[in-house]
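# Summary of the model geometry
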Number of protein chains: 2
Amino acid sequence: MCALPFVLTPREEIERRIEGLRTRMEEGGVEVALLVQNVDVFYFSGTLQRGYLVVPLQQEAVLFIQQDYERASLESPLRVEKVRGLRDLRGFRPLLQAKRVGLEFDVLPLGLFQRIERSFQGKEFLDISRDILSVRARKSPFEIEQLKRSGEIVVHVFSKVPELCKEGMAEVELDALLQAEGRRRGHQGWLRMRGLNQEMANIAIMAGESGAFPSYPDTPLKGYGVTHAIAQGASWRRIGRDEPIVVDYGGGYNGYTTDETRTFVIGRLPEPFKGAYEVALEVLHTFEAHAKAGSNGRDLYELCLKVVRRRGLQEYFMGYGEGKVKFIGHGIGLEINEWPIIARGRDEVLEEGMVFAFEPKFVFPGRGAVGVEVDYVVRRRGVERLTDFPIEVISL
Amino acid sequence: MCALPFVLTPREEIERRIEGLRTRMEEGGVEVALLVQNVDVFYFSGTLQRGYLVVPLQQEAVLFIQQDYERASLESPLRVEKVRGLRDLRGFRPLLQAKRVGLEFDVLPLGLFQRIERSFQGKEFLDISRDILSVRARKSPFEIEQLKRSGEIVVHVFSKVPELCKEGMAEVELDALLQAEGRRRGHQGWLRMRGLNQEMANIAIMAGESGAFPSYPDTPLKGYGVTHAIAQGASWRRIGRDEPIVVDYGGGYNGYTTDETRTFVIGRLPEPFKGAYEVALEVLHTFEAHAKAGSNGRDLYELCLKVVRRRGLQEYFMGYGEGKVKFIGHGIGLEINEWPIIARGRDEVLEEGMVFAFEPKFVFPGRGAVGVEVDYVVRRRGVERLTDFPIEVISL
């Protein structure tokens, strides 16, 4: 095996990303960015190795690595320096001289911030989280390629459901089999989600009323989980006939996460699920007919809601009661909660190259849930599906 | 299926934990603790639902829930109040009146801290991370029972290796099959690790030189991973004959994480691995003969190092070069990086009820690694293994 059999991030890709960040830093009056979160460091440097990435507005960006220096040097096209810790960065002139330093306020722990403050006294610290999220929101052709490979894992896993899903099997058994299928195809192992307490199972399988059980995740369907210490996803509930079996799965390839959902059924889907699924598809088709670069997410949401209202299902749309979520679409990429967010009242213009999951779903309290989730790339004249797996209910 | 088929945390357990925190708060002059991290909230309240846990020194602790109130009320024995966000906590008198408020500085993001500062002006904020870690370090009989159930998943998975591991199979294929075995037995889905950027695969399979490849994780063996965006664990490398196959697996039951390692081989283990494994076992037996409540981790580490030095293997012990780690044991519980930490020069006294993974391992650069990892409960007169799976090298 060669030392690095991975698809590394090309140099021009890294340079373009850093330039995007610099543009936003300049607008915000930030002289140097000091990045600590592993995913941000990976995005802007091409390596996940442990350290700090310093991006001055003018001078060369430098990756300061605590561990592993050798591996980081092989993976990143940037200048890599070996350090023992934060204090070793004090000798770096652009950081030393800067008055206004940008940090990731949304993920930087207070304790680490205090160490940064002590190491670099007399500076003003500014939040550049939103600048980073904004750069990361538009995907390059290289990134879309990684996302498509991630989508291929999803297609493989969905296509295995008819063979592996059996009546009487526990949700968690099907979860085990399907995750194994994804992993054997090179699923990276887990999905990342930005922020404190943000956790997301690779797969969530919810049969019958499992899809309607309330829990904390900011998703329309949550699942029981096998323990209240996880409180999401598959449970020990057995999969039955004539009830919706919702499979929500995220591929993971070379860091890039996809997120799609299909509804399966052994036998026939009864009402209200059958009708609700048809409305979900109607919402999806309406969305596809209108979304493109330049569309506003707020308008698209209202358009979808209009379809749902016409069918009288607004009470169950995107969750029920307290569990209702505000969004119908969310960006995907290195993390599963990226921009754009297509949500009620949120002013957000779709840009070419943005990639997101769109998920019209309906939750009927105490009974269950149905829905579909499809990943899209925003193009000039429309939106393009990331995978070609059928969107209809699949009878097993 | 009944609404909550889970083993909930008993009320007296929650009360005892909160009393432990109060004792430390009082010592530190903290009047109220405001907890936000999901695992800490779960530990002290019994539910993972999204919200804030407020523990006053004198008055009743209250769990303020954003979502899901209903589920939190079913799971937690504490008083639960429904809130829309942080600002709704301002009406809570003990928090309003307190001058010194304790927060989790080690995980609290700066942005959220600033919102807390704005919502509760004129207060002094103190770090109670170490108080929390210290309370959590000693496990109750209830917790040890959950850890034993978690260990049973590990034993099941290890016992499946002889059947599932085949020559020529990629590490990641074996990973897929073994994780599926764990999940079918009720593995909760993932392991938690405290702190920014802390991620740990449920299983890491490293055959031959994979065990020696450098990467960022603070563990002696890291693995290639299937992508540099993960950079740990199983890879596409094929498993061969006469080479070490290291399987490092963590069970997850009801929130509680175990962490054990065994070395397998198809054929015969060659040198230097065979000899090194014997030394690993010698270290383990020496440790078992001396460790008990009252032992100091620093002394135990030196004792182990003495064995290793006598065999001339110190260069390879617990990693090689830059990748060497300082610890040989780490606490396990709701997170995989709990206290105690048994490490070089670290003054830490073992207490009855502490549970930790002990992992003597050897890394030979460019060649591979071997080792064993066993979980222990600290008892008055010694340490007790959490599982009974054999510790010898297993020939397949």
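### Here we look at the overall build of chain A
Of regular secondary structure, chain A possesses 10 helices and 19 strands. The C-alpha atoms of chain A give 22 Å as radius of gyration, which agrees with the globular expectation for 396 residues (21 Å, within 12%). In terms of principal-axis extent, the alpha carbons of chain A reach across some 70 × 45 × 35 Å. A separation threshold of at least 6 residues defines the contact pool for chain A, and within that pool the share at least 24 residues apart is 68%. Here chain A displays about 14300 Å² of accessible surface, and carbon together with sulfur accounts for 46% of that area. Charge separation in chain A, taken as the distance between the mean sites of 54 positive and 57 negative side-chain charges, equals 2 Å.

### Some details on the environment of Glu 181 of chain B
Residue and element names in this part refer to chain B. For Glu 181, the location among the structural elements is in helix α8 (residues 171–184). When its relative accessible area of 12% is taken as the criterion, Glu 181 is described as buried. Each C-alpha atom, one on Glu 181 and one on Phe 158, is 9.7 Å from the other, the two residues being 23 residues apart in sequence. Here Glu 181 is in contact with His 156, Val 157, Lys 160 and Leu 164, once residues within four sequence places are set aside.

### Topic: the relation of the copies chain A and chain B
Rotating chain A by 180° about the axis while translating it 0.0 Å along that axis superimposes it on chain B, leaving an RMSD of 0.0 Å. These values place the two chain copies in the arrangement generated by a two-fold rotation axis. Closest to the rotation axis within chain A is the C-alpha of Pro 109 of chain A, separated from it by 2.1 Å.

### Some thoughts on the domain arrangement of chain A
All names here are of chain A. Domain boundaries assigned for chain A yield domain 1 (11–136) and domain 2 (138–395). Relative to domain 2, the C-alpha centre of domain 1 lies at a distance of 34 Å. The partner domain 2 presents 14 residues to the 18 residues of domain 1 that form the contact. Between domain 1 and domain 2, a total of about 1400 Å² is buried, with carbon and sulfur atoms accounting for 50% of that surface. For the domain 1 face of the interface with domain 2, the top three residues by lost area are Val 39, Leu 133 and Arg 136, together amounting to 39%. Summed over the shared surface of domain 1 and domain 2, the result is 10 residue pairs in polar contact (both at pLDDT 80 or more). Secondary structure elements with two or more residues in the side of domain 1 that touches domain 2: α1 (11–28), α2 (38–45) and α6 (129–137).

### Topic: the environment of Leu 95 of chain A
Residue and element names in this part refer to chain A. Turning to its location among the elements, Leu 95 is positioned in helix α4 (residues 93–97). By relative accessible area, which is 1% here, Leu 95 ends up buried. A sequence separation of 40 residues divides Leu 95 from Val 55, and the C-alpha atoms of the two residues are 8.9 Å apart. Leaving out residues up to four positions away in the same chain, Leu 95 has contacts with Val 32, Val 54, Leu 89, Val 101, Phe 120 and Lys 123.

### Focus on the sheet that holds strand β18 (residues 383–385) of chain B
All names here are of chain B. Across the sheet, which stays open at both edges, the five strands sit in the order β13-β12-β14-β17-β18 with antiparallel pairing between neighbours. Pairing within the sheet leaves two strands with one partner each, and these edge strands are β13 (338–343) and β18. Adjacent strand axes in the sheet meet at a mean angle of 30°, parallel and antiparallel pairs treated alike. In the sheet, strand β12 (residues 327–331) pairs with strand β14 (residues 355–358) via three bridges, with the strands oriented antiparallel. By the bridge assignment for β14, His 330 is matched with Ala 357. Across the face of the sheet, helix α10 (residues 297–310) comes into contact with β12, β13 and β14 while running at roughly 40° to β13.

### Some remarks on the packing of aromatic side chains
In total, this model carries 34 aromatic pairs over all chains according to the counting rule given. Both rings, one in Phe 356 of chain B and one in Tyr 376 of chain B, keep their centres 5.9 Å apart while their planes meet at 40°; by these two values the pair is tilted. Separated by 20 residues along the polypeptide, Phe 356 of chain B in strand β14 and Tyr 376 of chain B in strand β17 (residues 374–378) bring together distant segments of the chain. Of the two residues examined, Phe 356 of chain B and Tyr 376 of chain B, each falls in the buried class. Three or more aromatic residues link up through ring pairs in this structure, and these residues are Phe 273, Tyr 316, Tyr 320 and Phe 364 of chain A. Across the ring face of Tyr 43 of chain B, the terminal group of Arg 17 of chain B is positioned such that the distance to the ring centre comes to 4.2 Å. Against the face of Tyr 43 of chain B rests Arg 136 of chain B, its NZ or CZ located 5.9 Å from the ring centre.

### Here we look at the pairing of β12 of chain B
Burial analysis of β12 of chain B places five of its five residues in the buried class, which makes it a mostly covered element. What sits between β12 of chain B and β13 of chain B in their antiparallel hairpin is a turn of six residues.

### Structural notes on the sheet that holds strand β19 (residues 394–395) of chain A
Paired through their backbone hydrogen bonds, the strands of a sheet run either parallel or antiparallel. All names here are of chain A. Pairing is mixed across the open sheet formed by four strands, whose spatial order is β7-β8-β11-β19. At either end of the open sheet lies a strand with only one pairing partner, and these are β7 (203–207) and β19. Note that β7 and strand β8 (residues 245–249) share five bridges and pair antiparallel. Bridging from a neighbouring strand, Ile 205 pairs with Val 247 of β8. Strands in contact with helix α8 (residues 171–184) are β7 and β8; relative to β7, the strand with the most contacts, it is inclined by about 150°.

### Quick word on the side chain of Asn 202 of chain A
Residues and elements named next belong to chain A. By the element assignment, Asn 202 lies in the loop between α8 and β7. The buried category is assigned to Asn 202, whose relative accessible area is 10%. There is a polar contact of 3.1 Å between the side chain of Asn 202 and the side chain of Gln 179. Excluding residues within four positions of it along the chain, Asn 202 makes contact with Gln 179, His 187, Gly 189, Trp 190, Leu 191, Asp 248, Tyr 249 and Gly 250.

### What to know about helix α9 (residues 273–290) of chain B
A turn of α-helix holds 3.6 residues, and therefore any two residues three or four places apart point the same way. Taking 1.5 Å of rise per residue, the 18 residues of α9 of chain B would be expected to cover 26 Å, and the 26 Å separating its terminal C-alpha atoms lies within 8% of that figure. Buried within α9 of chain B we find Phe 273, Gly 275, Ala 276, Tyr 277, Val 279, Ala 280, Leu 281, Val 283, Leu 284, Thr 286 and Phe 287 of chain B.

### Quick word on the nonpolar core
Core analysis: the biggest nonpolar cluster contains 46 residues, and Leu 89, Leu 103 and Ile 116 of chain A together with Leu 89, Leu 103 and Ile 116 of chain B have the highest contact counts within it. In this structure Leu 89 of chain A touches Leu 34, Tyr 52, Val 54, Phe 64, Val 83, Leu 95 and Phe 120 of chain A, once residues within four positions along its chain are discounted.

### Digging into the interface of chain A and chain B
Contact residues are listed per partner, giving 79 residues for chain A and 79 residues for chain B. Summed over both partners, the interface of chain A with chain B buries about 6600 Å², with 60% contributed by carbon and sulfur atoms. Counting the surface chain A buries against chain B, the share from its top three residues, Arg 183, His 228 and Glu 322 of chain A, is 13%. Linking chain A to chain B there are six salt bridges.

About the thresholds
Residues numbered from 1 in each chain as written. Chains lettered and ligands numbered in written order. Predicted model: local features only at pLDDT ≥ 70, side-chain atom pairs only at ≥ 80, totals over all residues. Heavy atoms only, no water. Helix = DSSP H or I, 4+ residues; strand = E, 2+ residues; numbered from the N terminus. Rg over C-alpha atoms; globule rule 2.2 N^0.38 Å. Contact = heavy atoms within 4.5 Å. Areas by Shrake-Rupley, 256 points an atom, 1.4 Å probe, with all protein chains shown as cover. Lys, Arg positive; Asp, Glu negative; His and termini not counted. Charge placed at Lys NZ, Arg CZ, Asp CG, Glu CD. Buried < 20%, exposed > 50% of the residue type's maximum accessible area, 1.4 Å probe, protein only. Least-squares fit on C-alpha atoms with pLDDT ≥ 70 in both. Domains from an automatic or database assignment. Buried area = accessible area lost by both parts, 1.4 Å probe. Polar contact = N/O pair within 3.5 Å; in protein donor to acceptor, adjacent residues only side chain to side chain. Pairing = 2+ DSSP bridges. Axes fitted to C-alpha atoms, helices over the stretch in contact; angles between N-to-C directions. Phe/Tyr/Trp six-rings, centres within 6.5 Å; stacked < 30°, edge-to-face > 60°. Lys NZ or Arg CZ within 6 Å of the ring centre and 35° of its normal. Expected span 1.5 Å × (residues − 1). Core = buried A, V, L, I, M, F, W, Y, C linked by side-chain atoms within 4.5 Å. Salt bridge = Lys/Arg side-chain N within 4 Å of Asp/Glu carboxyl O.

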